[in-house]
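Residue-level structural notes
Residues per chain, in single letters:
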Amino acid sequence: PRVCVVGSGPAGFYTAQHILKHHGGALVDIYEKLPVPFGLVRFGVAPDHPEVKNVTNTFTQTARSGRCGFYGNVTVGRDVTVPELQQAYHAVVLSYGAEDNRVLGIPGENLPGVYSARAFVGWYNGLPENQDLKPDLSCETALILGHGNVALDIARILLSPLQLLRKTDITDSSLAALACSKVKRVWLVGRRGPLQVAFTIKELREMINLPGARAVLDPADFKGLESAVKDASRPRKRLTELMIKTALEKPVEMQAAAAGAAAPREWGLKFQRSPQEVLPSADGRRARGVRMALTRLEGSGDSAKAIPTGDVEELECGLVLSSIGYRSLPLDPAVPFDSQRGVIPNSSGRVEGVPGLYCSGWVKRGPTGVIITTMNDSFDTAQSLLEDLQGGVLDISPSREGFGLVESILHSRGVRPVSFSDWEKIDAAEVARGKAAGKPREKIVDPAEMLRIIGH
Amino acid sequence: VNVVFVDREGRQVPVRGRVGDNVLHLAQRHGLELEGACEASLACSTCHVYISEPHLARLPAPEEREEDLLDQAPLLQENSRLGCQLRLSPALEGARIALPRLTRNFYVDGHVPKPH
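Residues numbered from 1 in each chain as written. Chains lettered and ligands numbered in written order. Predicted model: local features only at pLDDT ≥ 70, side-chain atom pairs only at ≥ 80, totals over all residues. Heavy atoms only, no water.

1. Focus: the interface of chain B and chain A
The interface of chain B with chain A comprises 28 residues on the first partner and 42 residues on the second. Regarding the contact of chain B and chain A, the summed buried area is about 3100 Å², with carbon and sulfur atoms giving 53% of it. One can count six salt bridges joining chain B with chain A. Note that Arg234 of chain A and Asp71 of chain B form a salt bridge whose closest N and O atoms lie 2.8 Å from each other. (Contact = heavy atoms within 4.5 Å. Buried area = accessible area lost by both parts, 1.4 Å probe. Salt bridge = Lys/Arg side-chain N within 4 Å of Asp/Glu carboxyl O.)

See below:
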């Protein structure tokens, strides 16, 4: 049986891996719109989290296996359609993730100085489409709207000592911009309370221990929470206890000089504030602050809702990062899409109403979760596909040509795919360039340059 | 050291290893489907396993970094550990090391969206 996977991030690769492992005859082709694989592992995971990226070694093993093909530089939905893929393969798995972000939907959102977290992360991680972001880091205070791990990642990158960032795979151009950054204070602002934060303890601890920066947490925000979490789940309990401990601790003398900063940088958490409007500067040319509605909580736990009280507050800042969630987009008219939930309607990865079509990862469940969640989810989809093969639900009697058919379609449209060994040449070039600077790699951020390196 | 792995379908896989063997790598060498995405660098929870009592109590306690990652593991139990942090020792003789069972209902029952 020939299987096609659309997307080469963790979802795509783990789904392919599971199918290949459990079906000795299956051939799996992975398609990717960029010339380079690995999706958010390359473009989302923070530069100072290199161990998380070790998973690419597993993916590389899969890609190099005889029954797996990789075709980069192919945009499914444009260069080849999903119905065309369904003609070429017995089964198609959509694992293309979430390339967009949720919008605040408030006035002033489009003022200079306001960016989506997704674009900012793409910028410092070398995602080609975000290279011209040119974020303005000339202000002292940044507001990050959102209390998830992405918000913490951005706060950490904004406040990390340069000598630490310099040794990572952060792009050279963003490093240069951060070297000139005036940002010394970062507030992470959320609509709800401490018991609803979505970030996790490992990342919070990292922020608390960041050299040259001190945590500013208001003890008043944590009143009574010690007892409130007595019966909470272990992760929630430990996380809340760490926040309380940090809020009550006396600030430690920071070795500001050692960290290379003139004065200690600071970061803090603000709760129960919902953004109403990004306020413009006097000349109307940029953001100067955000007006927040103060909220109260109705209900408790994960389902607590933030209700505006009527009171407002203005927070001054020159940089606003909106970190309120990624969002998937519909790929092809032939694929059902639930625009409200931002996912492909499915049952255990089987796309509703379309036999032979499957989905895995964020486009299946929604854009949350770490690598283990996506891994389990991908195995779940692969299981459905394998069951369907075994049970005859997936008919493999018609012969399908796989890439043989797709190749001629792409050729007729002037599209030249990038192979996995092509990627390995790009990879080698990046590693070589990074070596001189003491970095694991210097990412190439221009797709045209990538194609030049491989002779396309 | 003799241990018994229990795979995701509940099948028992007796394994004889040596003192000092890393539990994650031992499982992988014997064909068990235990992933080590971050390659034993304490940056993921894909090698999550359950250790039988009384063996669990005989192990050195997890360091804070392991506890933080266990918080992210689906189906966390009292006897959860990260396989990459465990080494075989006489204390583990006869231990049952079980992989979390990801049933098809996993995503219907009790699935809580995880942060990212």
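Here the narrative resumes, following the displayed structure.
2. Points about the domain arrangement of chain A
Reports often express the size of an interface as the amount of accessible area lost when the parts come together. Residue and element names in this part refer to chain A. For chain A, the assigned domains read domain 1 (2-99 + 328-418) and domain 2 (102-322). For domain 1 and domain 2, the distance between their C-alpha centroids amounts to 34 Å. Counting residues at the interface gives eleven residues for domain 1 and 16 residues for domain 2. Across the interface of domain 1 and domain 2, roughly 1100 Å² is buried in total on both sides, 52% from carbon and sulfur atoms. Of all residues in domain 1, Phe43, Pro47 and His49 bury the most surface against domain 2, accounting for 50% of the area lost on that side. Two residues, Asp169 and Lys53, come together in a salt bridge whose shortest N-O distance is 3.0 Å. (Domains from an automatic or database assignment.)

3. Let's talk about the UniProt feature "binding site: FAD" (unreviewed entry) in chain A
Residues and elements named next belong to chain A. Sequence positions flagged by UniProt for "binding site: FAD" (unreviewed entry) are, in local numbering, Ala11, Glu32, Leu40, Val76, Trp362, Gly369, Val370 and Ile371. Across 361 residues in sequence, these annotated residues place their C-alpha atoms as far as 25.1 Å from one another, rather than forming a single compact spot. With respect to the helices and strands, Ala11 occurs in helix α1 (residues 10-22). Ala11 sits in the buried class, given a relative accessible area of 8%. Residues in contact with Ala11, not counting those within four places in the same chain, are Ser95, Ser360, Gly361, Thr374 and Ser378. Mapped onto the secondary structure, Val370 falls in the loop between α13 (362-365) and α14 (371-390). A relative accessible area of 30% means that Val370 is categorised as partly exposed. (UniProt positions renumbered as here; feature names shortened; annotations may be inferred. Helix = DSSP H or I, 4+ residues; strand = E, 2+ residues; numbered from the N terminus. Buried < 20%, exposed > 50% of the residue type's maximum accessible area, 1.4 Å probe, protein only.)

4. Digging into the environment of Leu99 of chain B
Residue and element names in this part refer to chain B. Positionally, Leu99 belongs in the segment after β5 (96-98). For the pair Leu99 and Pro54, spaced 45 residues apart in the sequence, the C-alpha separation amounts to 18 Å. Sequence-distant contacts of Leu99, defined by excluding residues within four places in its chain, comprise Val6, Asp7, Arg8, Leu32, Glu33, Leu34, Val49 and Tyr50.

5. Brief notes about the state of the cysteines
Disulfide: a covalent bond formed between the sulfur atoms of two cysteine residues. Residue and element names in this part refer to chain A. Across all of its chains, the model carries zero disulfides over all chains by this definition. With no disulfide of its own, Cys68 has Cys4 as its nearest cysteine by sulfur position, at a separation of 11 Å. Here Cys317 is not cross-linked by a disulfide; its sulfur's nearest cysteine counterpart is in Cys139, at 7.2 Å. (Disulfide = S-S within 2.5 Å.)

6. Observations concerning helix α6 (residues 149-159) of chain A
Counting buried positions along α6 of chain A gives eleven out of eleven residues, so the element sits mostly inside the fold. Where α6 of chain A is concerned, the buried positions are Asn149, Val150, Ala151, Leu152, Asp153, Ile154, Ala155, Arg156, Ile157, Leu158 and Leu159 of chain A.

7. Topic: the sheet that holds strand β6 (residues 114-116) of chain A
Residue and element names in this part refer to chain A. Spatial ordering of the open sheet is given by β6-β14-β7-β8-β10-β9, a layout of six strands whose pairing is parallel. Each end of this open sheet is capped by a strand with a single partner; those strands are β6 and β9 (213-216). Strand-to-strand twist of the sheet, defined as the mean angle between neighbouring strand axes without regard to direction, takes the value 20°. Packed onto the sheet, helix α5 (residues 117-124) meets β6 and β14 (319-322) and runs at close to 80° relative to β6. (Pairing = 2+ DSSP bridges. Axes fitted to C-alpha atoms, helices over the stretch in contact; angles between N-to-C directions.)

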